[in-house]
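A structural walkthrough
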Amino acid sequence: DAKTTQPNSMESNEEEPVHLPCNHSTISGTDYIHWYRQLPSQGPEYVIHGLTSNVNNRMASLAIAEDRKSSTLILHRATLRDAAVYYCILRDWQGGSEKLVFGKGTKLTVNP
Amino acid sequence: EAGVVQSPRYKIIEKKQPVAFWCNPISGHNTLYWYRQNLGQGPELLIRYENEEAVDDSQLPKDRFSAERLKGVDSTLKIQPAELGDSAVYLCASRGTDRAGGRVLWETQYFGPGTRLLVL
């Protein structure tokens, strides 16, 4: 499985935008970029995913570099409830890998 | 829609004792996963089921761990005997699949809250 690199931790202030980076220089053409987050004492939850184009949903936006070797998860207005560990994961949509391979993720702290 | 249900939420046992975790996936989800999450780490897959068949158990320590998914719905993960290093959070997830013409369009794994195991 292709690997991702994320900062161990980041801090943000409430109601400010947050940009969480992820590097995936060995990404293959069929790898989707997935983001999950894990709130304290809960299981991970899906945030967003994309292949080549930038994506938006009600939770966040995903900006993908043109060469696909990096991506950024954008929380437009951080709230205290966004404090979590955010995981960037690559997944082969062709079914070659049926599992999510989690790294250590980025622990996001949101200050009031 | 009810999410993935796991029980118990917490379990404290002494080493060498057996322990079992139960998972009820989201209704209609054929794929079920068990993950283990050590402190400060991301979850690691232990086993994946497609209906009642274990299709990927390469990471399951088979000398002491076992799992079953009778009737392709609920699943149980067992450790016997437990060791100190088994202390972790055990997560169950199920996958929903949207298909068109047999091709998987999209899938999301939905995780339960986990069972936190402490082995003393």
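Below: a short report on this structure. Quick caveat, the model's predicted, so the values are computed rather than measured.

All names here are of chain B. Along strand S8 (residues 75-79), 4 of the 5 residues are buried, which leaves the element largely enclosed by surrounding structure. Here strand S3 (residues 19-24) runs beside S8; their pairing, made up of 5 bridges, is antiparallel. Each residue of the ladder has a partner; that of Val19, found in S8, is Ile79. Direction of pairing for strand S7 (residues 65-68) relative to S8: antiparallel, over a ladder of 4 bridges. Across the sheet, residue Ala67 finds its bridge partner in S8, namely Leu77.

Quick look at the interface of chain A and chain B now. Each partner contributes to the interface: chain A provides 18 residues, whereas chain B provides 21 residues. Seen at the junction of chain A and chain B, the total is 0 salt bridges. Across the chain A-chain B interface, the total number found is 5 residue pairs in polar contact (both at pLDDT 80 or more). When residues of the side of chain A that touches chain B are traced back to their parent elements, those giving at least two are strand S3 (31-38), strand S4 (45-50) and strand S8 (84-92) of chain A. Considering every element that reaches the side of chain A that touches chain B, the biggest residue donor is S3 of chain A, with 3 residues. Each residue belonging to the side of chain A that touches chain B can be placed in one class, and the counts come to 7 nonpolar, 7 polar and 4 charged.

Basis of the calculations
Residues numbered from 1 in each chain as written. Chains lettered and ligands numbered in written order. Predicted model: local features only at pLDDT ≥ 70, side-chain atom pairs only at ≥ 80, totals over all residues. Heavy atoms only, no water. Buried < 20%, exposed > 50% of the residue type's maximum accessible area, 1.4 Å probe, protein only. Helix = DSSP H or I, 4+ residues; strand = E, 2+ residues; numbered from the N terminus. Pairing = 2+ DSSP bridges. Contact = heavy atoms within 4.5 Å. Salt bridge = Lys/Arg side-chain N within 4 Å of Asp/Glu carboxyl O. Polar contact = N/O pair within 3.5 Å; in protein donor to acceptor, adjacent residues only side chain to side chain. Nonpolar A, V, L, I, M, F, W, Y, C, P; charged D, E, K, R; others polar.

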